[in-house]
Amino acid sequence: MTDKPVLTNRVTGAESGPPVLLLNGGMMSVAAWEPIAQRLEPDYHVVRCDFRGQALTPGEEPRLDGHVADVIDLLDSLGLDRVHAAGTSFGGIVGLLLAARHPERFLSLAAITTTERITPEMWQGTIRLREAVLAGASGGDGGVVLDLLLPGTYTAEYLEAQRAALVFHRRWVASLPAAWFRGTAAILSSLEALDLTSDLPQIACPTLVLAGAADVTFPLDHSRALAAAIPKARLEIVPDGPHGLVVEQAGRVADFLLSFFQSI
């Protein structure tokens, strides 16, 4: 155990069902999983958490190893020896590391719209986003973070349909405290020079790699590389799926997860 407080978490669903751990993307919080969690809850013991630096868990953690340790501490605190896990984007990266380094703790893993490495081009985009986040921490317009993030996360059709809600969401993000922006900057910093290629062959559990063909943040070739490197992986591609698949197409993601978990 570490000396840090356990990650803020939400546990719902069937108390005696198999446990499912849902791992956030970098700028998500537990509420974003709600439509998927509701589909899982009749049969599964659903655990959600905010990583350190996200909205519900204070602090700054710039090391991926630190996030991995946080999740293991959470599982220990809840008395969960083995879980199914599903992570998207940043949460998928953490999930891959968890399954590689703690294989005894995982029944299965779903890695959704994530990547096996951060290329120089990806890192340049991350730097721009981190600079906007740090500007928000210093009193600048934090809404710029969404201006940069949204076009690469959702389809144009979804953004148009959600235009009114996103105006409110931009104001909300701009009003968040400096601590949130600093925590988010630390999460983004943890991706520098990321390369999981030596870890992936160590993943022993059945693995679903769920990709969006329209993902411009972590393009499809990276999902293909993940699936090729993990011994028990299978690749499923959503033809019109964006990076924000778990939000924009939550119902479809829930269908994939239910089918996958039930097949184990």
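Structure: above.
Residues numbered from 1 in each chain as written. Predicted model: local features only at pLDDT ≥ 70, side-chain atom pairs only at ≥ 80, totals over all residues. Heavy atoms only, no water.

Before going further, it helps to examine the overall build of the protein. Helix and strand counts for the protein come out as eleven helices and seven strands. For the protein, the C-alpha atoms occupy an extent of roughly 45 × 45 × 35 Å along the three principal directions. In the protein, the share of contacts with a sequence separation of at least 24, taken over all contacts with a separation of at least 6, comes to 79%. Here the protein has roughly 11100 Å² of accessible surface; of this, 54% comes from carbon and sulfur atoms. The positive charge centre, built from 20 side chains, and the negative charge centre, built from 30, are 1 Å apart in the protein. (Helix = DSSP H or I, 4+ residues; strand = E, 2+ residues; numbered from the N terminus. Contact = heavy atoms within 4.5 Å. Areas by Shrake-Rupley, 256 points an atom, 1.4 Å probe, with all protein chains shown as cover. Lys, Arg positive; Asp, Glu negative; His and termini not counted. Charge placed at Lys NZ, Arg CZ, Asp CG, Glu CD.)

In space, the seven strands of this open sheet follow the order β1-β3-β2-β4-β5-β6-β7, with mixed pairing throughout. Single-partner strands in this sheet number two, and they are β1 (9-13) and β7 (233-238). For this sheet, the mean inter-axis angle between neighbouring strands, taken without regard to orientation, is 20°. In the sheet, β1 pairs with strand β3 (residues 45-49) via five bridges, with the strands oriented antiparallel. Counterpart to N9 in the pairing with β3 is C49. Running over the sheet, helix α2 (residues 64-77) touches β1, β2 (19-23), β3 and β4 (83-88) and is turned about 150° from β2. Taken strand by strand, helix α11 (residues 250-263) contacts β2, β4, β5 (106-112), β6 (207-212) and β7, and its axis lies near 155° from that of β5. (Pairing = 2+ DSSP bridges. Axes fitted to C-alpha atoms, helices over the stretch in contact; angles between N-to-C directions.)

Okay, the packing of α2 against helix α3 (residues 90-101) next. At a minimum axis distance of 10 Å, the contact between α2 and α3 shows a crossing angle of 75°. By the angle class used here, α2 and α3 are roughly perpendicular. For the pair α2 and α3, contact is made by L64, D65, H67, V68, V71 and I72 and by F90, I93, V94, L97, L98 and R101, respectively. When grouped by side-chain class, the residues that make up the contact of α2 with α3 number nine nonpolar, one polar and two charged. (Parallel < 35°, antiparallel > 145°, perpendicular 65-115°, else oblique. Nonpolar A, V, L, I, M, F, W, Y, C, P; charged D, E, K, R; others polar.)

What follows deals with unusual backbone geometry. Its identity as a non-glycine residue notwithstanding, S89 has a phi of 55°, on the positive side. Even without a glycine there, the phi angle at T113 is positive, about 40°. The exposure class of T113 is buried, given its relative accessible area of 1%. (Buried < 20%, exposed > 50% of the residue type's maximum accessible area, 1.4 Å probe, protein only.)

The sheet contact formed by β6 and β7 spans six bridges and is parallel. What sits directly across from L208, in β7, is R234. Taking the sense of rotation as the criterion, the β-α-β connection linking β6, helix α9 (residues 220-229) and β7 turns out right-handed. (Right-handed = clockwise from strand over helix to strand, strands pointing away.)

This brings us to the nonpolar core. With 42 residues, the main nonpolar core has L21, V71, V94, L96, L98 and I203 as its most contacted residues. For this core, the secondary-structure elements that each account for two or more residues are β2, β3, α2, β4, α3, β5, α4 (120-137) and α9. With eight residues, α3 is the largest single contributor of residues to this core. When neighbours within four sequence positions are excluded, I203 is seen to be in contact with L96, A99, A100, I230 and P231. (Core = buried A, V, L, I, M, F, W, Y, C linked by side-chain atoms within 4.5 Å.)

Before going further, it helps to examine the packing of aromatic side chains. Working definition: an aromatic ring pair is given by the centre-to-centre distance plus the angle between the planes. Across all of its chains, the model carries five aromatic pairs by this definition. Measuring from ring centre to ring centre gives 5.2 Å for F51 and F90, while their planes differ by 85°; the resulting arrangement is edge-to-face. Remark: F90 occurs in helix α3 and F51 occurs in the loop between β3 and α2; sequence separation between them is 39 residues. We classify F51 as buried; its relative accessible area is 0%. What makes F90 buried here is its relative accessible area of 3%. In this structure an aromatic cluster arises from ring pairing among Y44, F260 and F261. (Phe/Tyr/Trp six-rings, centres within 6.5 Å; stacked < 30°, edge-to-face > 60°.)

Geometric values such as these leave the question of function open.
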